[in-house]
Amino acid sequence: LVFWGPAGTGKTSVARLLATETDLHFEQISAIFTGVQDLRKIFESAKLRRRDGGGTLLFVDEIHRFNRAQQDGFLPHMEDGTIILVGATTENPSFELNSALLSRSNVLTFRRLDDEALDALLARCEAHVDRSLLLEDEARDALKNMADGDGRALIGMVEDIFVAQQD
């Protein structure tokens, strides 16, 4: 799978949920910080896990940052069942991922969170800490506008507000 969409729209969360619901070991890496040696270790661990009857969902954040050769390196491990690959990208995968990888993947598009989703996220934040944000409706709307559809950004701002309201 390739998850394509803006930051803060739930790509990593959905990958984690997918691993949990399918009883797969979740392995997360970032293409920015992962080298060939790291990948070899991950593939070797996944092979051992598979031999013992388990599976591995390898989540690659910023997968478009891997060059074409590095992307090709996933193919044999995908094809032999060593890993289930889920890549996340903010860039159009048609232009940033090689055709061999794309031909073996389904692309799911994630969209910015709308007002309804941001309202639900605010309510979940308030329920999580068991208190309300002390904000007028106008300020709540401004908060959602500043988040610009990014759930992670909204949560960060809400955390800051809760800390400021404690002082």
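Note: the structure precedes this text.
Residues numbered from 1 in each chain as written. Predicted model: local features only at pLDDT ≥ 70, side-chain atom pairs only at ≥ 80, totals over all residues. Heavy atoms only, no water.

**Structural notes on the pairing of strand S3 (residues 56-61)**
Move 1: Counting buried residues along S3, 5 of its 6 residues qualify, which places the element largely inside the surrounding structure.
Move 2: Sheet analysis places strand S2 (residues 25-30) next to S3, joined by 6 bridges and oriented parallel. Counted as the bridge partner of Gln28 is Phe59 from S3.
Move 3: The parallel pair S2 and S3, bridged by helix H2 (residues 36-51), forms a crossover whose chirality is right-handed.
Move 4: Bridge analysis of S3 against strand S4 (residues 84-89) gives 5 bridges, and the strand direction is parallel. (Buried < 20%, exposed > 50% of the residue type's maximum accessible area, 1.4 Å probe, protein only. Helix = DSSP H or I, 4+ residues; strand = E, 2+ residues; numbered from the N terminus. Pairing = 2+ DSSP bridges. Right-handed = clockwise from strand over helix to strand, strands pointing away.)

**A short note on the environment of Leu97**
Move 1: Note that Leu97 resides in the loop between helix H5 (93-96) and helix H6 (99-103).
Move 2: By relative accessible area, which is 3% here, Leu97 ends up buried.
Move 3: Each C-alpha atom, one on Leu97 and one on Phe26, is 22 Å from the other, the two residues being 71 residues apart in sequence.
Move 4: Residue contacts for Leu97: discarding those within four places in its chain leaves Val2, Ile63, His64, Arg68, Gln71 and Leu102. (Contact = heavy atoms within 4.5 Å.)

**Notes on helix H8 (residues 137-147)**
Residue pairs spaced three or four apart in an α-helix point in one direction, given the helix's 3.6 residues per turn.
Move 1: Taken residue by residue, H8 has Arg140, Leu143, Lys144 and Ala147 as its buried positions. Projected down its long axis, H8 carries its buried residues within an arc of 95 degrees, all on one side. H8 presents Glu138, Asn145 and Met146 as exposed residues on the side facing more than 90 degrees away from its buried surface.
Move 2: The inward-facing, buried residues of H8 abut helix H7 (115-129) and helix H9 (151-166). (Arc of directions from axis to C-beta.)

**Section: the nonpolar core**
Move 1: Leu58, Val60, Phe66, Phe74, Ile83 and Leu85 are the most contacted members of the largest nonpolar core, which totals 18 residues.
Move 2: Mapped onto this core, the elements with two or more residues apiece are H2, S3 and helix H4 (75-79).
Move 3: In terms of residue count, the dominant contributor to this core is H2 (4 residues).
Move 4: Counting residues in each nonpolar core, the second largest holds 11 residues, with Leu118, Leu121, Val158 and Phe162 among its members. (Core = buried A, V, L, I, M, F, W, Y, C linked by side-chain atoms within 4.5 Å.)

**A short note on the sheet that holds S4**
What holds strands together in a sheet is hydrogen bonding between their backbones, with the strands either parallel or antiparallel.
Move 1: Pairing is parallel in the open sheet, where 5 strands are placed in the order S2-S3-S4-S1-S5. Each having just a single partner strand, S2 and strand S5 (107-109) make up the two edges of the open sheet. Adjacent strand axes in the sheet meet at a mean angle of 20 degrees, parallel and antiparallel pairs treated alike.
Move 2: Relative to S4, strand S1 (residues 2-4) runs parallel, the two being bridged by 3 bridges. Bridge assignment links Val2 to a residue of S4, and that residue is Gly87.
Move 3: Of the strands in this sheet, S1, S2, S3 and S4 touch helix H1 (residues 11-21), which is tilted by about 175 degrees from S3. (Axes fitted to C-alpha atoms, helices over the stretch in contact; angles between N-to-C directions.)

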